[in-house]
Structures are given as structure tokens and as C-alpha cells.
Amino acid sequence: MKLTNIDLEKLIPENLISVTKMERRAFLKIGLVITGVFAGGRILSVTSNVSEAFASGKDFVDQYPYKPHYSMVIRQGLCIDCERCLKACKETNSVPDYGYRTRILTKIVTDAVGRKREFIPILCNHCNDAPCTRACPTRATYKNKENGIVMMESKKCIGCKMCILACPYEARYFNAERHAIDKCNFCWDTRLSKGEKLTACSYVCPTGARIFGDMSDPDNVAYKMVHQVEKQVWVLRPESGTKPNVFYMKATRSSPWDLRKQDGAR
Amino acid sequence: MLGKIKKETAERWGYMGFKSLFSSGIYFNVFAFLGLVTIAGLAVGLHGTYTGYHNVYGVTRQIPWGVLISGYIFCVVTSTGLCLVSSIGHVFGYEPYMPIAKRAVFLSIAFMLGGFIIIFFDIENPHRMAIYNLLSPNFTSNMWWMGTLYGLYLLALIVEYFFLLDQNHSMSRLAGLFGVLFGVAAHSNLGAVFGMLHGREFWYGPYMPIYFIVSAMMSGGAAIIFFSCLAWKIDRTVLTRRMERAIMAVCQLTILLIAIILFFTFWKIISGIVSPEKYIAIQAFLTGPYAPNFWIAELGFGLVIPFILLIRSKGINTNLMFIATGFMLVGIFFMRYDLVLAGQIVPVFHALHVEEYSSLLLYTPSLHEISVVTAGILIAIVLYLGGEKVLNAHKFQKHAIVPPGAFICQGCGGIHYMKEGESQDDALKRHHRMRKVDREDEHA
Ligand code: SF4
Ligand code: SF4
């Protein structure tokens, strides 16, 4: 019994390391070769033992300590870079032109068949283990005890920019109008606290690339999306150990039939 | 107020009055010129405060810390180093280092003030810092500890300096001990500000705090030698036998510390090259856009040239030492600059291979930033120049530093202890010529 325990312990970090390194070399390749279920920022398994990961159901519960535990699932591949989310965010949260709370990154895969570009929306991950809140000298940025949203109390921000450096996801910027750091707060002050169910970006997204939801509720759509056996789910930069709450998964728009058609055309 | 210091206090402090500044025309002109440049720099900085830093500074969302933080680090590193190196003498009692104490602690305060002024222009809302550092402290934040510990450190330095001036050596020693404790804590914590950012591979790890302390001592050594040699150029009488010995001792220590930092740098690079996380940043410094900074300024000016010159000076040739440590201070500034940038030039999302982050991030200091850093460093230098004149070149009154039962040796300038019933002459002989005979005496 003891022996198996040790083996398991050893196995997990090894996987973590190899994933990180390979990810650095070629993220695309890794997406194809190794697929992982990451929840709460931890790799729980690689495809070969997905079932094992799901067997340890308790782990998942522990990963979602808040009630509601807000989270966003990004269905990478559905995003078409229409930037309506950016516009909605700017309007809802009065984000100035020099800043942004969320952004769409573009990845070009030259040797892909068909579509060569993929868009990756990024935003604050509302990390369970948020390095930004640890770094802040005055607790101007903090994790809300109920819903886990990482928020700002602007009047306490001294503007040292320590949190910008501490965040591994570049989710923060200095807002001169607020005289404080500004960042995504899942539209807490502008929408959620007023009874809305979705963030502005998720509400306007025409393709459903941004699914906003509550991870503490197994009936919630976001929970269901992340906990499907056949889906690969990951988080960005898992090696930072921040336990992010924004999950990424592939959702492809090209069915095998579409691809066959492309073949025929060639 | 200062003008009204009582005569005997003034004598004890070596206070010469502000009139002494005017004693030499050239000196005063230099002093006034640097003072004006400082004020101009601060004015440019205040203009930035008024227009909003994001309009005039070169820092960005991706590179939020630029030359201001480098300048701040340069100043506080030098300050800590001055405090640590001088403490070897007047706190821990190693006699050859004692004569440098007064000037070193004074400079230490001057550099700390310079550093604080620079960081004042970096922090967006310094007034909130004063309030919420107290009302809403975050004990897990290195930034909080940095503010707090450096505050305590500066306080200890000021108390220490006051007692040094007042020639109360037991109290200055006690305050000095606190200065050393807070200094080491504050400074290693400053390393941890960088070393505990686990999203930034280049900095992450225990290397930073250790490196910061060792390189602080190196900077301190360089600063003591540089400013003492400068003091001799201003006033030859400062160069007493004891001072000569002290500087020779500091010079030896500095050479050793350069060697240690060389070896730190070497292993940082070698280990960085094999680490996929750090590779890109290291390459940027070895062969990329920052190569001149690294090879010429950091390695050449900061380490190799002074290493050779200091060895050749044998701790005696003040001109050589002056040039060597001058190079060193310039090089050390670049070391801080490179260190701050290295952790930021690689975009956090580079591993995603997205278009937006396909290349290294660039940062160029703006005029406003450069002005503020210049002003901050010049403040320290102006204070130094003022101090040399107004405080009588930080000379100790002889009797004050000599412990009971000891005397200042006419021969070597060191402090010797007298055995019971021994005259100064006998003690001198025992310490110098007669050692062997002495031993034979004891055997007999
Ligand atoms: S993504 Fe960045 S800003 Fe958001 S919680 Fe994590 S560390 Fe903090
Ligand atoms: S910039 Fe503001 S929120 Fe960020 S660490 Fe400093 S005080 Fe905290």
C-alpha cells in the first residue's frame, strides 16, 4: 500500500514537469499528444487515466471552495475575434482606451489544414491561490470570501504595481482615472451583484466561446462542461500553481464531413 | 536652528557651520551646480506627477518596473552595503574598519533618502501608502515588509548616526546593531520581492535574497572606497594613517566580494542556459539586445576592470582605487537595471506561441524617468559634498574611538591595548618590533 502511494506521488509531479517543458516547446503539439484534465489548476490526469482522475471525486469538491464558485469556460476555437466582448467590457466597466480587462490573443498555425488562425480569449483567472493578493502590501486586492472573485478596493491601492508583476496572466493594469489597479471582477459591481446571471462578455459573445457559471453547482452548465469524460480541459500556465478558475477546452466547428468536403475540393 | 548649535556640541560633532561650504569657490560652484541639477530633475519628476505617470513614463502594462525601480534598488543596495561594511568595524569591533564608520553611515542615510525619493515618483499614490500600510497591512506581502523594514532601517541609521556624531559609542554600537539587523532583513526581503514571484521564472527562487546581500556588500565596499578617495581629493588632511589602513582593509574585502559576485554571475548564466524557462532571458543578455549592457557595463565596468585595478592598487594607490570604484558604481547601476528588466522582457504568455507575444518586450526609459533617477542619486552626492565640509570631513576626535586601556599607535595608526602596568612605549614595542622577543620572554 505504502509503495503504491509513493509511486503515485512521484508520478504526478513528473507529468506536470514534462507537460510544462513540452508546452514551452510547442504548445500545439502537446495539445495533440497529451491531453489533460486540469481542474482548479491542477493536472489530475492525462488521457490514459482519465477515469482514475474522476474516481477521486472528492478532489474536485475541494477545488471549488466558494459558494457560488464563479468560473469561466473558454471554448477555444469558437472565438472568431469579433471583439464584442471587449466592447461590452469597456462599456460596462468603463475601461479606458489604454487598458483592457480581457483580450483576444491570436495564434497562427501555418501548417494547419483549413483555418490557420485560432483565437484565445484571456482574462483574470480568479486564481484560488492568487499570487496577486499575496503580493499586495495593503490588501487593496483581495479574494472575496463568498464567491472567490478577486476584487479591488481602489482606495487602498498605493499603485506600487507589485501585483502586475505577481500575476502570471498579465490580467492587471493601472487605471489613471481610478488611481488604482483595474482588473476583471466578473462584472461583480456592474452586473452580478445587481442580479444578472452572466458577465457582460459572456452575455454578448455570439458563438458561446465564453461560458460563465458556478462550479460549486453540479447542475450548472460550466460545471458540466468541465466534467465531461470525453473533453480535454486545461488551464493556462499550470506550472505557476495558481489554481486558476478559467478553464479552456477545444470546441471545433469543423465536423468530419466538412473536412471531407475540403479534401474533395483539393 | 542648526546655526544655533552650542559651541561645545558643535565641536563634538565636528560641525563647521554652513559657511564652510563657501570656503572654496570651485567647491561651492560644483556643489551648487549639482544641487541645481537635482532640483531640475525633481521638477521634471513633479511635472510627471502632475500630468500623470502613464503619459510620461516608459513603463508599460507588460513591463511595469523600469529604470525607477532600478535606481531605487541601486540606492538602497548601496546604502545597505555601506551600513554592513562599516558595521564590521564600529559594531562588531574589528578595529581596522572603525575609521570609516562616520562617513559610511552618513552616506548610507544619504543614499537611502535618494532611494526613497526615487520610489516616491514610482508609486502612484504614496499618500495612501502612509495610511494603509498601517491600517490594512498584509503580512504575507514582501512589498509591505519592504516598506516597513526599510523604514525601521532608516530610523536605526539616523539614531546610529546621531550617537556617532555625539561620540556616544556604546549607544551608536547598539543602534548600529539594529541597523545591521533591519538592513539585512530589509535587503534580503527586497531580493524576495523578486524571488517570490512564481510567475516569473527568471527571478524565482532563493538566489535573489542571497545575491542581494552579497552584492550589497560589494556595492558598499565600492562606495566607501570611492567616496573616501574623493574626500582625499577634496581635503588631503583626511588621509591619516588609520584611514589608509581602513581603506586597504575595505579594498581587500571588496576584491573578495567581486570574486564572489563573478562566480555568482557565472553560475546564474550556466544554470540559466540549461533551464528552458530562463533561456530566453539569458540569451537576450548574452547575445541579444541587452548584450552591451551585460558584457561591457555589468561584467566589464562592474566586475572585471575594477577587480584588476583594485588588485593592482594594492589598496594603496588612491588614484587607481578611485577610478576602479568609479567604474564599479556605473557597472553596478547597470547590474540593477539588467536584473529588473531580465525578469520582465519575456512575455508571460510566450509559451502560448501567439502573435501578440512572439518577440521580446522592449523598454526604453523616458526623459522623466531618467531625470528622477538622476535627481535621486544626485541628492545622495550633494548631501555627501555638503557633509564633507559642514561636518569636518567626518573626522573622529581621537579620544572618542579609543577604548579604555588602549591607545592610537604612532607607528601604524591602529589601536593597541596596553597590558597591565605597561607603558605606551612598551606596548608599541611589543606590538611591532619585539614580538619574537616577547614570546621568548614568556617561555623563559
Ligand atoms: S489571474 Fe492574475 S489577477 Fe487574476 S487572480 Fe490570478 S494572479 Fe490575480
Ligand atoms: S498596485 Fe495596488 S493593488 Fe497592486 S499590489 Fe500595489 S497596492 Fe496592491
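Below: a short report on this structure. (Residues numbered from 1 in each chain as written. Chains lettered and ligands numbered in written order. Predicted model: local features only at pLDDT ≥ 70, side-chain atom pairs only at ≥ 80, totals over all residues. Heavy atoms only, no water.)

Considering the side chain of Lys278(B)
Right, so step 1: Assignment of secondary structure puts Lys278(B) in helix α11 (residues 276-286).
Right, so step 2: In this structure Lys278(B) touches Glu201(B), Phe202(B), Lys268(B) and Gly272(B), once residues within four positions along its chain are discounted. (Helix = DSSP H or I, 4+ residues; strand = E, 2+ residues; numbered from the N terminus. Contact = heavy atoms within 4.5 Å.)

Considering the nonpolar core
Right, so step 1: Counting 131 residues, the largest nonpolar core has Trp65(B), Tyr72(B), Ile73(B), Tyr150(B), Phe194(B) and Met218(B) as the members making the most contacts within it.
Right, so step 2: Residue contributions to this core peak at 16 residues, all from helix α9 (residues 207-234) of chain B.
Right, so step 3: Sequence-distant contacts of Tyr150(B), defined by excluding residues within four places in its chain, comprise Tyr72(B), Val76(B), Thr80(B), Met112(B), Phe116(B), Trp145(B), Ala186(B), His187(B) and Leu190(B).
Right, so step 4: Membership of the second largest hydrophobic core comes to 49 residues, among which are Ile149(A), Met151(A), Phe212(A) and Leu236(A). (Core = buried A, V, L, I, M, F, W, Y, C linked by side-chain atoms within 4.5 Å. Buried < 20%, exposed > 50% of the residue type's maximum accessible area, 1.4 Å probe, protein only.)

Quick notes on the environment of Glu146(A)
Right, so step 1: The topology assignment puts Glu146(A) in the loop between β6 (141-143) and β7 (150-152).
Right, so step 2: For the pair formed by Glu146(A) and Pro65(A), sequence separation is 81 residues and the distance between their alpha carbons is 9.0 Å.

Here's the deal with the environment of Tyr150(B)
Right, so step 1: As for its placement among the helices and strands, Tyr150(B) is situated in helix α7 (residues 142-165).
Right, so step 2: Placed 39 residues apart in sequence, Tyr150(B) and Asn189(B) show a C-alpha to C-alpha distance of 9.8 Å.

Comments concerning the interface of chain B and chain A
Right, so step 1: Contacts between the two partners involve 42 residues from chain B, matched on the other side by 53 residues from chain A.
Right, so step 2: Counting the surface chain B buries against chain A, the share from its top three residues, Arg61(B), Phe349(B) and Leu352(B), is 17%.
Right, so step 3: Counting every contact that joins chain B to chain A gives 3 salt bridges.
Right, so step 4: On the surface where chain B and chain A come into contact, there are 34 residue pairs in polar contact (both at pLDDT 80 or more).
Right, so step 5: Of the residues in the side of chain B that touches chain A, the class split is 19 nonpolar, 14 polar and 9 charged. (Buried area = accessible area lost by both parts, 1.4 Å probe. Salt bridge = Lys/Arg side-chain N within 4 Å of Asp/Glu carboxyl O. Polar contact = N/O pair within 3.5 Å; in protein donor to acceptor, adjacent residues only side chain to side chain. Nonpolar A, V, L, I, M, F, W, Y, C, P; charged D, E, K, R; others polar.)

Considering the site of ligand 1
Right, so step 1: In the region of ligand 1, 14 residues are neighbours, and Cys124(A), Asn125(A), Cys127(A), Cys132(A) and Cys167(A) sit closest.
Right, so step 2: Here the residues of the shell around ligand 1 sort into 10 nonpolar, 2 polar and 2 charged. (Near = heavy atom within 4 Å.)

Comments concerning the packing of aromatic side chains
Right, so step 1: On inspection of all chains with the given rule, the structure shows 35 aromatic pairs over all chains.
Right, so step 2: For the pair Phe226(B) and Phe322(B), a centre-to-centre distance of 4.9 Å together with 10 degrees between the ring planes defines the contact as stacked. One end of the pair, Phe226(B), is in helix α9; the other, Phe322(B), is in helix α13 (residues 318-342), and 96 residues separate them in sequence.
Right, so step 3: By the ring-pair criterion, three or more aromatic residues cluster together here, those being Trp65(B), Phe194(B), Trp203(B), Tyr207(B), Tyr211(B), Phe212(B), Phe263(B) and Phe264(B).
Right, so step 4: The ring centre of Phe174(A) lies 6.0 Å from the NZ or CZ of Lys161(A), which sits over that ring. (Phe/Tyr/Trp six-rings, centres within 6.5 Å; stacked < 30°, edge-to-face > 60°. Lys NZ or Arg CZ within 6 Å of the ring centre and 35° of its normal.)

Examining the site of ligand 2
Right, so step 1: Residues in contact with ligand 2 amount to 13 residues; listed here are only the nearest, Cys136(A), Cys157(A), Cys160(A), Lys161(A) and Cys163(A).
Right, so step 2: Tallied by class, the residues present in the shell around ligand 2 amount to 10 nonpolar, 2 polar and 1 charged.

Observations regarding the packing of helix α8 (residues 169-195) of chain B against α9(B)
Residues and elements named next belong to chain B.
Right, so step 1: Contact geometry of α8 with α9 gives a least axis separation of 7 Å together with a crossing angle of 135 degrees. With respect to α9, the element α8 is oriented oblique. The way α8 lies across α9 gives a crossing that is right-handed. When α8 is examined against α9, the residues Val184, His187, Ser188, Leu190, Gly191, Ala192, Phe194 and Gly195 are found in contact with a partner set consisting of Met208, Pro209, Phe212, Ile213 and Ala216.
Right, so step 2: For the contact of α8 with α9, the residue count by class is 9 nonpolar, 4 polar and no charged. (Axes fitted to C-alpha atoms, helices over the stretch in contact; angles between N-to-C directions. Parallel < 35°, antiparallel > 145°, perpendicular 65-115°, else oblique. Left-handed = near helix turned anticlockwise from the far one by under 90°.)

As for the side chain of Ser366(B)
Residues and elements named next belong to chain B.
Right, so step 1: As for its position among the elements, Ser366 is in the loop between α13 and α14 (367-390).
Right, so step 2: In terms of polar contacts, Ser366 uses its side chain to reach the backbone carbonyl oxygen of Val56, at 2.7 Å.
Right, so step 3: Apart from residues no more than four positions distant in its own chain, Ser366 is found in contact with Val56, Tyr57 and Gly58.

What to know about the environment of Tyr70(A)
Residue and element names in this part refer to chain A.
Right, so step 1: Take Tyr70: it is sitting in strand β3 (residues 70-76).
Right, so step 2: Tyr70 sits in the buried class, given a relative accessible area of 17%.
Right, so step 3: Between the alpha carbons of Tyr70 and Phe186 there is a distance of 8.2 Å; along the sequence they are 116 residues apart.
Right, so step 4: Ignoring anything within four residues of it in the chain, the contact list for Tyr70 reads Asn147, Ile149, Phe186, Trp188, Leu192, Phe212, Gly213 and Asn245.

Some words on empty space enclosed by the protein
Residues and elements named next belong to chain B.
Right, so step 1: On inspection of all chains with the given rule, the structure shows 10 cavities of 30 Å³ or more.
Right, so step 2: Looking at the largest cavity, its volume works out to about 260 Å³.
Right, so step 3: If you go around the largest cavity, you meet 17 residues; those closest to its centre are Phe202, Thr265, Lys268, Phe294 and Glu298.
Right, so step 4: When contributions to the lining of the largest cavity are tallied by element, the ones reaching two or more residues are α9, α10 (241-274), α11, α12 (291-313) and α13.
Right, so step 5: Within the lining of the largest cavity, the residues separate by chemical class into 13 nonpolar, 1 polar and 3 charged.
Right, so step 6: A volume near 130 Å³ is recorded for the second largest cavity.
Right, so step 7: As for the second largest cavity, its lining consists of 15 residues, of which Gly199, Arg200, Glu201, Gly343 and Val346 are closest to the centre.
Right, so step 8: Residue composition of the lining of the second largest cavity, by class: 6 nonpolar, 3 polar and 6 charged. (1 Å grid on protein atoms, 1.4 Å probe; cavity = no way out; pocket = protein on both sides within 12 Å on 5 of 7 lines; lining within 4 Å. Points joined across faces, edges and corners; volume = space filled by probe spheres on them.)

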